[in-house]
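# Commentary on secondary and tertiary structure
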Amino acid sequence: MGSVYAEGGNYRIELDGGVATCTVWRRPDVDGETGAGWAREKIAHFAALARGPARGLVFDLRQAPPVTGPKTQEALGQMLQAFERTGRPVAVLVGDHAVQKLQLQRLVASVCPKTGAVHTVEAAARAHAG
């Protein structure tokens, strides 16, 4: 595994061979304001990664809440746009939840249609990002 780039209350970002992996997990014990703060952190980290050390990103949302509201979707879009703007590939890795997959396919198509893709298989996501 690579080196830890950043960690927060519900995420960890690692860099390995120039590919960043951001893993997000559920935290039902925190309020929306706290979660929004962590989302702002990830937006800033993604912007820095896309301008600098990451040549691609795997955004692993398999352990994240399977359904997201409009504010979370907006934040996710801002995260993904950083990689679209720099032309670097981003692979969104989703679990077996149909709603999660549909929401993220729609989001990726609208905010990072050139560089983004949604995957359900980790190896395919890593191939896309790398």
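Notes on the structure follow. Owing to the predicted nature of the structure, the values given are computational and were not obtained by experimental measurement.

### Digging into the pairing of strand S3 (residues 19-25)
Burial analysis of S3 places six of its seven residues in the buried class, the great majority of the element. As paired elements, strand S2 (residues 11-16) and S3 share six bridges and run antiparallel to each other. Looking at S3, one finds that Leu 15 is bridged to Ala 20. Between the end of S2 and the start of S3, which pair antiparallel, lie two residues, with Gly 17 showing a positive phi angle near 60 degrees. Judged from the six bridges that link them, S3 and strand S4 (residues 56-63) form a sheet pairing that is parallel. Bridge pairing in S4 links Ala 20 to Leu 57. Handedness of the S3-helix H1 (residues 32-51)-S4 crossover: right-handed.

### A closer look at the sheet that holds strand S6 (residues 116-119)
Taking strand neighbours across the sheet as the criterion, the six strands line up as S1-S2-S3-S4-S5-S6 in an open arrangement whose pairing is mixed. If you trace the sheet from one side to the other, it starts and ends with strand S1 (3-8) and S6, each paired once. In this sheet, neighbouring strand axes are inclined to one another by 15 degrees on average, regardless of whether the strands run parallel or antiparallel. Running at roughly 155 degrees to S4, helix H2 (residues 70-86) makes contact with S4, strand S5 (90-93) and S6 of the sheet. Here helix H3 (residues 98-111) sits on the sheet and contacts S4, S5 and S6; the angle it forms with S6, its principal contact strand, is near 170 degrees.

### Focus: the environment of Val 92
In this fold, Val 92 is placed in strand S5. With relative accessibility at 1%, the residue Val 92 sits in the buried group. For the pair Val 92 and Leu 57, spaced 35 residues apart in sequence, the C-alpha separation works out to 8.3 Å.

### Concerning the state of the cysteines
According to the stated counting rule, one finds zero disulfides in the structure shown. Unpaired in this structure, Cys 22 has its nearest cysteine sulfur neighbour in Cys 112, at a distance of 14 Å.

### Some remarks on H1
In a regular helix each residue adds 1.5 Å, so 20 residues correspond to 28 Å; H1 covers 29 Å between its end C-alpha atoms and thus fits that length. Of all the positions in H1, only Gly 37, Trp 38, Ala 39, Lys 42, Phe 46, Ala 47, Leu 49 and Ala 50 are classed as buried. Close packing links the buried residues of H1 with S1, S2, S3, S4 and H2.

The rules behind the values
- Residues numbered from 1 in each chain as written.
- Predicted model: local features only at pLDDT ≥ 70, side-chain atom pairs only at ≥ 80, totals over all residues.
- Heavy atoms only, no water.
- Buried < 20%, exposed > 50% of the residue type's maximum accessible area, 1.4 Å probe, protein only.
- Helix = DSSP H or I, 4+ residues; strand = E, 2+ residues; numbered from the N terminus.
- Pairing = 2+ DSSP bridges.
- Right-handed = clockwise from strand over helix to strand, strands pointing away.
- Axes fitted to C-alpha atoms, helices over the stretch in contact; angles between N-to-C directions.
- Contact = heavy atoms within 4.5 Å.
- Disulfide = S-S within 2.5 Å.
- Expected span 1.5 Å × (residues − 1).

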